[in-house]
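Structure assessment
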Amino acid sequence: MGAANRVILDGGMGRELQRAGAPFRQPEWSALALSEAPQAVEAVHAAYINSGADVITSNSYAVVPFHIGEARFAAEGQALAALAGELARRAVQASGKSVRVAGSLPPLFGSYRPDLFEADRVSELLTPLINGLASHVDLWLAETQSSIIEARAIHAGLPKDGKPFWLSFTLKDEDTDEVPRLRSGEPVAEAAALAAELGVETLLFNCSQPEVIGAAIDATRATFERLGVTINIGAYANAFPPQPKEATANDGLDPLRDDLDPPGYLHWALDWQQRGASHLGGCCGIGPEHIAVLAQKLRR
């Protein structure tokens, strides 16, 4: 795989905001800084760009009722999404670099919780996010998806604007068996087949333990080869211990693993690259210092 094909993604947002002293509390999480410290959000984007990221992701992940509440989402959801997109775009423009902005389309009903999916509410929650982000982003990224049904529903709600669609699933990282699975229990091979069906440009795995991502990449690559399709593969893990089935993304900050410092995380990224992943970055707990190492080492 040539260096030109390698794409470096950014890392997590929430902990970087907290580390910078921005207002940060649960359940609003990273959305709180959009209204109370937007300059801090732009600064985190800038840090990732300076670290070598080719793609940064809008800080719209927590702009859902699960984090900011039903009333605030109804009143401000679209405006907050627009601000998230604007701050990312502003950071790119200030850098003078050709960095792309991915519009984050989060799990609409809660991270790691495929059981909370409500098909009849998808448009109500997705449309304000898309309308707010649309004029600021270069591509759409549905991330931390736990099930095939929600990924399919988000794809169905995308505008016909010609922008690439990237899809990222979160993996089961406890009570695992020999088959790599989404948090819904569905096999990764089925998720890869869905990506091929939907015409996804890049299929990724994120917000999971590094240990489970390699097998998911293998299953994905095998599925794409069997189907005769060319789709980029990527990964951006978190630095958490395994997340149990009852975990939610707004019940407090998880501890971080000591072994996933920048050199430790690079070890995993090199393995994913060897298995066929070309788009590599980090999720929760992976910061600009990690991305700088990836940018330096993976572009060789």
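- Looking at an unreviewed UniProt entry, one finds the chain named Homocysteine S-methyltransferase family protein, with Pseudomonas triticicola as its source organism.

Here we look at unusual backbone geometry
- In the segment running from Gln-26 into Pro-27, the intervening peptide bond is cis, with an omega of 5°.
- In this structure, Thr-144 is a non-glycine residue whose phi angle is positive, near 55°.
- Take Thr-144: it is sitting in strand 4 (residues 139–145).
- The residue Asp-175 is not glycine, and still its phi comes out positive at about 50°.

Brief notes about helix 7 (residues 148–156)
- Considered for burial, the residues of helix 7 that qualify are Ile-148, Glu-150, Ala-151, Ala-153 and Ile-154.
- If you follow the buried residues of helix 7, they end up packed against strand 3 (100–105), helix 6 (122–133), strand 4, strand 5 (165–169) and helix 8 (188–198).

Points about the packing of aromatic side chains
- Considering all chains together, one arrives at three aromatic pairs under this definition.
- Where Trp-29 meets Tyr-61, the ring centres are 5.6 Å apart and the plane angle is 80°; that geometry is what we call edge-to-face. Linking Trp-29 in the loop between helix 1 (14–19) and helix 2 (32–36) with Tyr-61 in the loop between strand 2 (55–57) and helix 4 (65–68), this pair joins segments that are 32 residues apart in sequence. The pair formed by Trp-29 and Tyr-61 is uniform in burial state, with each residue classed as buried.
- For the ring pair Phe-109 and Phe-117, a centre distance of 5.8 Å and an interplane angle of 85° mean the geometry is edge-to-face.
- Look at Phe-109 and you get buried, because its relative accessible area is 7%.
- Taking the ring centre of Tyr-112 as reference, the NZ or CZ of Arg-183 above it sits at 4.2 Å.

A look at the environment of Leu-194
- You can see Leu-194 is positioned in helix 8.
- In this structure the C-alpha to C-alpha distance between Leu-194 and Arg-152, which are 42 residues apart in sequence, comes to 7.9 Å.

Quick look at the sheet that holds strand 6 (residues 202–206)
- Taken in spatial order, the eight strands make up an open sheet running 1-8-7-6-5-4-3-2, and their pairing is parallel. The outermost strands of the open sheet, each flanked by one partner alone, are strand 1 (7–8) and strand 2.
- When strand 3 meets strand 4, the two strands line up parallel, connected through four bridges. Opposite Ala-102, over in strand 4, you have Leu-139 as the bridge partner.
- Relative to strand 6, helix 8 is tilted by about 145°, and along the sheet it contacts strand 5 and strand 6.
- Where helix 9 (residues 210–227) meets the sheet, it contacts strand 6 and strand 7 (232–237), and its direction lies at approximately 170° from that of strand 7.

Overview of the UniProt feature "binding site: Zn(2+)" (unreviewed entry) in the chain
- Cross-referencing UniProt, the feature "binding site: Zn(2+)" (unreviewed entry) maps to Cys-207, Cys-283 and Cys-284 in the present numbering. Spatially, the listed residues are clustered: although they cover 78 residues, their C-alpha atoms lie within 6.7 Å of one another.
- Within the secondary structure layout, Cys-207 lies in the loop between strand 6 and helix 9.
- For Cys-207, a relative accessible area of 3% translates into the label buried.
- Beyond its immediate stretch of four places on either side in the chain, Cys-207 contacts Tyr-112, Thr-144, Thr-170, Arg-183, Tyr-236, Ala-237, Asn-238, Cys-283 and Cys-284.
- Mapped onto the elements, Cys-283 comes out in the loop between strand 8 (279–282) and helix 11 (288–298).
- Given the relative accessible area of 9%, Cys-283 is considered buried.
- Setting aside residues no more than four positions away along its own chain, Cys-283 makes contact with Gly-11, Gly-12, Asn-206, Cys-207, Tyr-236, Ala-237 and Asn-238.

Regarding the nonpolar core
- The biggest cluster of nonpolar side chains holds 102 residues, and the ones touching the most others in it are Ile-56, Leu-105, Leu-108, Leu-167, Phe-169, Leu-203 and Trp-272.
- With eight residues, the single largest contributor to this core is helix 5 (residues 70–95).
- The residues contacting Ile-56, other than those within four sequence positions of it, are Asp-10, His-45, Tyr-48, Ile-49, Ala-88, Val-92, Val-99, Arg-100, Val-101 and Ala-102.

Some thoughts on the pattern of salt bridges
- All chains considered together, the criterion is met by 20 salt bridges.
- For Arg-19, the salt bridge identified is with Glu-289, shortest N-O distance 3.1 Å. Pair noted here: Arg-19 is in helix 1 and Glu-289 is in helix 11, with a separation of 270 residues, a long-range link.
- Residue class for Arg-19 comes out exposed when judged on its relative accessible area of 54%.
- One salt-bridge network, held together by shared partners, links Asp-218, Arg-221, Glu-225, Asp-271 and Arg-275.

Definitions and limits used
- Residues numbered from 1 in each chain as written.
- Predicted model: local features only at pLDDT ≥ 70, side-chain atom pairs only at ≥ 80, totals over all residues.
- Heavy atoms only, no water.
- Helix = DSSP H or I, 4+ residues; strand = E, 2+ residues; numbered from the N terminus.
- Buried < 20%, exposed > 50% of the residue type's maximum accessible area, 1.4 Å probe, protein only.
- Contact = heavy atoms within 4.5 Å.
- Phe/Tyr/Trp six-rings, centres within 6.5 Å; stacked < 30°, edge-to-face > 60°.
- Lys NZ or Arg CZ within 6 Å of the ring centre and 35° of its normal.
- Pairing = 2+ DSSP bridges.
- Axes fitted to C-alpha atoms, helices over the stretch in contact; angles between N-to-C directions.
- UniProt positions renumbered as here; feature names shortened; annotations may be inferred.
- Core = buried A, V, L, I, M, F, W, Y, C linked by side-chain atoms within 4.5 Å.
- Salt bridge = Lys/Arg side-chain N within 4 Å of Asp/Glu carboxyl O.

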